[in-house]
Amino acid sequence: MSHRFIVRFLLSFVILLLAGLFSACDFASPTNKTTLPEQTSTTTTTEQTSSITETLIMPKMYINTNNVPINSKEEYTNCSVTILSNNPEHTLNQVQAGIRLRGHSTSNFDKVPYRIRFEDKTQPLGLGSGPSRSWVLLAEYMDISMLRNYVSYNLSNTLMRNSFSSTVDYVEVYLNNIYKGVYLLAEQTQVGENRVNIDESGVETPTIVDTGYLLELETDSTRRLAEGAHMVDWFDVPGYTNMTVDFGWWNMADYPLSNEVGFYIIKSDAKTLEQIQFIQNYMVSVYDAIYVDKTFEAVNAVVDIPSAVDTYLMQLLTNDMDYNYSSNYVYKDAGGLLIFGPPWDHDLCFGNHYQNTTTDSLHIYHLLYELSTYEWFQTLVLARWDEINQVSNNLIADTRTLITTTSSNYQASFNQDYNLWQSTRRTDGWHAIYLQYSSQSAATTALLDWYDNRINFINTMFESWEDN
């Protein structure tokens, strides 16, 4: 046997060995291959791959916890996240993260929402203005149309001029290779460079009080106590807030526009007693300006008025039962004015609550409602309404179009989600809150009818303002 032959034989053997190793790497996966539902099996199916063989109906997110259960709202379960998208720049391949449960009423259902915290800052699907670690998966269980949050965030991102607003997109979620349905991937409402960008420098020093603050109105006494103690994690507004009533979901229908529910959880890091007293006193000055002085000059000295106008219109349009109850955010930068926003939590808006099906009711954060009773604020609202109703830039008409096109484009995925979870729905307990329909398309039709009637109501109300 010649030396040249031996060399060729050894070289061929090495090439075959390397090819086998590469093939094993290509197809090895920490989990078994996923068999996708026929309607959406448009990609190769190992969790590790990111190649796309056909156009996806919507992006797919694979979350692998190695079958470790997710059963805590506080502790994260280690996982890897893979995202398949029609846009190659938006694919993720087994990115390390943690996942936990999230939500209040939404966590009471079989389809639960999640919070994901990536090990490194990530920008899944290109959402937001930059990478961040924390993201949420909204289950949309209480909204059979699957559209309310998606449409509301798209509306707010155009409408809100000075406030941060979360960007969102749909994903089909597979947890440990089990299909979990359609979720809405959204930015977490939190302080951050690419989120609520406020200056928190110096918060570790108790004497530095004019720093950044993010606040959430939280009327429910149980939720407040879960956050912590009075003047430690939350505060009231002296002279305005009613501290003698035990507020909660059981009596909120009696306080739809009342300022007596002015309790604020501090969602940022400034929580020394000196800092809490500072922001508490600042909120007293805001309430005094709005409820006592009532003039543009007084309010303009403490409030970012454009954000108040935009948030008022946002809440007027969507009419969520949570307004003036929870999920009403305001924030203040160091040395800055109070900004209304960011908007959050809209699955019970657009008439999707058993106590709020009419199109002529008002559920609005009490500070914004009080402002809407003043002629100078009404003038600003009417001007903004005219601005977003231009022929070439009609946000109101575009929002309606978004409802119809989104429902049509994602009909197959929405139907698949509806069929997956329909058997878990009941008519008692938390299930009695939201409205139920025979199909996603029927829910969309009801949403459109409500929206059209609501616009008519708003136009009539604004006409009465002009007449006065």
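See the structure shown above.
Note that the structure is a prediction, hence the values are computed from the model and not measured.

K.L.:
Give a detailed account of the packing of helix α9 (residues 395–409) against helix α11 (residues 440–467), specifying residues and quantitative values.
P.N.:
For the pair α9 and α11, interaxial distance at closest approach is 10 Å and the crossing angle is 175 degrees. Taken together, the axes of α9 and α11 are roughly antiparallel relative to one another. Along its contact with α9, which presents Ile 396, Thr 399, Arg 400, Ile 403, Thr 404 and Ser 407, the element α11 presents Gln 440, Thr 444, Leu 447, Leu 448, Tyr 451, Asp 452 and Ile 455. Partitioning the contact of α9 with α11 into residue classes produces six nonpolar, five polar and two charged.

K.L.:
Would you mind going over the layout of surface pockets in detail, with residue names and values included?
P.N.:
Reported here for the second largest pocket is a volume of approximately 230 Å³. Lys 121, Ser 132, Arg 133, Gln 190 and Val 191 are, among the 14 residues lining the second largest pocket, the residues nearest its centre. Of all the secondary-structure elements, those providing two or more residues to the lining of the second largest pocket are β4 (114–122) and β5 (132–138). When the residues that make up the lining of the second largest pocket are grouped by side-chain class, the tally is three nonpolar, five polar and six charged.

K.L.:
Which residues make up helix α2 (residues 148–159), and what values go with them?
P.N.:
Its 12 residues give α2 an end-to-end C-alpha distance of 16 Å, which sits within 8% of 16 Å, the value for a rise of 1.5 Å per residue. In terms of burial, α2 is largely enclosed, as nine of its 12 residues are buried. Within α2, the full set of buried residues consists of Arg 148, Asn 149, Tyr 150, Val 151, Ser 152, Tyr 153, Leu 155, Ser 156 and Leu 159.

K.L.:
Got a sec to walk through empty space enclosed by the protein? Specific residues and values, please.
P.N.:
For the structure on display, the rule yields three cavities of 30 Å³ or more. Space inside the largest cavity adds up to approximately 100 Å³. Contributing to the lining of the largest cavity are 14 residues, with Thr 311, Gln 315, Ser 327, Pro 342 and Pro 343 lying nearest its centre. The dominant element in the lining of the largest cavity, judged by the number of residues it contributes, is helix α6 (residues 305–318), at three residues. Its residues placed into classes, the lining of the largest cavity shows eight nonpolar, six polar and no charged. In this model, the second largest cavity occupies a volume close to 70 Å³.

K.L.:
Help me get a handle on the sheet that holds strand β9 (residues 234–236), residues and values and all.
P.N.:
Reading across from one edge, β9-β10-β8-β11-β12 is the order of the five strands in this open sheet, with antiparallel pairing throughout. Strands at the two margins of the open sheet, each flanked by one partner only, are β9 and β12 (338–340). Strand-to-strand, the axes of this sheet are offset by a mean angle of 30 degrees, without reference to chain direction. Pairing of strand β8 (residues 213–217) with strand β11 (residues 328–332) involves five bridges; the strand directions are antiparallel. Counted as the bridge partner of Tyr 213 is Lys 332 from β11.

K.L.:
Explain the pairing of strand β1 (residues 60–64) to me, and be specific about the residues and the numbers.
P.N.:
In terms of burial, β1 is largely enclosed, as five of its five residues are buried. Residues Lys 60, Tyr 62 and Asn 64 point to one face of β1 and Met 61 and Ile 63 to the other, with burial holding for every one of them. For β1 and strand β2 (residues 77–84), the ladder comprises five bridges, and the chain directions are antiparallel. By the bridge assignment, Ile 63 is partnered in β2 with Val 81. In the sheet, β1 pairs with strand β6 (residues 168–175) via four bridges, with the strands oriented parallel. Paired with Tyr 62 across the strands is Tyr 174, a residue of β6.

K.L.:
A description of the packing of aromatic side chains should follow, citing residues and the corresponding values.
P.N.:
Following the criterion strictly, the structure yields 29 aromatic pairs and no others. Residues Tyr 312 and Trp 465 carry aromatic rings whose centres are separated by 6.3 Å and whose planes lie at 25 degrees to one another, so their mutual orientation is stacked. Linking Tyr 312 in helix α6 with Trp 465 in helix α11, this pair joins segments that are 153 residues apart in sequence. Its relative accessible area of 11% is what places Trp 465 among the buried residues. Judged by centre distance (5.3 Å) and plane angle (80 degrees), the ring pair of Trp 385 and Phe 462 falls under edge-to-face. Of this pair, Trp 385 sits in helix α8 (residues 375–387) while Phe 462 sits in helix α11, and the two are 77 residues apart along the sequence. Classification of Trp 385 by relative accessible area gives buried; the value is 6%.

K.L.:
Account for the sheet that holds β5, naming residues and giving values.
P.N.:
Taken together, seven strands build a closed barrel; the order of strands is β1-β2-β3-β4-β5-β7-β6 and the barrel is mixed. On average, adjacent strands in this sheet sit at an angle of 40 degrees to one another, irrespective of strand direction. As paired strands, β4 and β5 are joined by five bridges and run antiparallel to one another. Bridge pairing in β5 links Arg 115 to Val 136. Sheet strands in contact with helix α10 (residues 411–421) are β6 and β7 (178–187), and its direction is about 120 degrees off that of β7.

K.L.:
Go over the side chain of Gln 315 with me, naming the residues and quoting the values.
P.N.:
The topology assignment puts Gln 315 in helix α6. Ignoring sequence-local partners within four residues, the contact set of Gln 315 consists of Tyr 323, Asn 328, His 363, Ile 364, Tyr 365 and Leu 368.

K.L.:
How would you summarise the nonpolar core if you had to cite specific residues and measurements?
P.N.:
Core analysis: the largest hydrophobic core is formed by 94 residues, its most contacted members being Tyr 264 and Phe 462. Contacts of Tyr 264, omitting those with residues within four sequence positions, involve Leu 215, Glu 216, Leu 217, Asp 233, Trp 234, Phe 235, Val 237, Met 283, Tyr 287, Tyr 365, His 366 and Leu 367.

K.L.:
Can you break down the pattern of salt bridges residue by residue, with the values?
P.N.:
Between side chains of opposite charge, a pair can form when the charged atoms approach closely. Using the criterion set out here, one finds 14 salt bridges in the structure. Arg 161 is paired through a salt bridge with Asp 310; the nearest N and O atoms lie 2.9 Å apart. Pair noted here: Arg 161 is in the loop between α2 and β6 and Asp 310 is in helix α6, with a separation of 149 residues, a long-range link. Overall, Asp 310 belongs to the buried group, its relative accessible area being 0%. Two residues, Glu 227 and Lys 267, come together in a salt bridge whose shortest N-O distance is 3.6 Å. One end of the pair, Glu 227, is in helix α3 (residues 221–227); the other, Lys 267, is in the loop between β10 (263–266) and α4 (273–293), with 40 residues separating them in the sequence. For Lys 267, a relative accessible area of 34% gives the class partly exposed. One salt-bridge network, in which partners are shared between bridges, spans Arg 161, Asp 310, Arg 384 and Glu 387.

Parameters at a glance
- Note on numbering: residues in each chain are counted from 1, in written sequence order.
- For this predicted model, a pLDDT threshold of at least 70 governs which residues receive local features, and a threshold of 80 or more governs which side-chain atom pairs are given and counted, while totals over whole chains, interfaces and linings are taken from all residues.
- Excluded from the side-chain calculations are hydrogens and water; all other atoms, namely the structure's heavy atoms, are used.
- Note on definitions: angles span 0 to 180 degrees between N-to-C directions of axes, and those axes are lines fitted to C-alpha atoms, for helices only across the stretch in contact.
- A run of DSSP states H or I qualifies as a helix once it reaches four residues; a run of E qualifies as a strand once it reaches two. Both are numbered from the N-terminal end.
- Every angle not falling under 35 degrees, over 145, or within 65 to 115 is termed oblique; those three ranges are roughly parallel, roughly antiparallel and roughly perpendicular.
- Here, residues are in contact when the closest pair of their heavy atoms is within 4.5 Å.
- Residues are grouped as follows: Ala, Val, Leu, Ile, Met, Phe, Trp, Tyr, Cys and Pro are nonpolar; Asp, Glu, Lys and Arg are charged; every other residue, Gly included, is polar.
- Computed over the protein atoms alone on a 1 Å grid, cavities are sets of points where a 1.4 Å probe fits but cannot get out and pockets are open sets with protein on both sides within 12 Å along at least five of seven lines; a residue lines them when it has an atom within 4 Å of a point.
- Grid points are joined across faces, edges and corners, and a volume is the space filled by probe spheres set on the points.
- To estimate how far a helix should reach, multiply one less than its number of residues by 1.5 Å.
- Exposed residues in this analysis have more than 50% of their type's maximum accessible area, buried residues have under 20%, and partly exposed residues fall in between, with area computed by a 1.4 Å probe over protein chains only.
- We treat two strands as partners when DSSP finds at least two bridges between them.
- Note on aromatic contacts: the rings of Phe and Tyr and the six-membered ring of Trp form a pair at centre separations within 6.5 Å, being stacked when their planes are under 30 degrees apart, edge-to-face when over 60 apart, and tilted otherwise.
- Take the buried residues of types Ala, Val, Leu, Ile, Met, Phe, Trp, Tyr and Cys, join any two whose side-chain atoms come within 4.5 Å, and each joined set is a nonpolar core.
- Here a salt bridge means any side-chain nitrogen of Lys or Arg lying within 4 Å of a carboxyl oxygen belonging to Asp or Glu.

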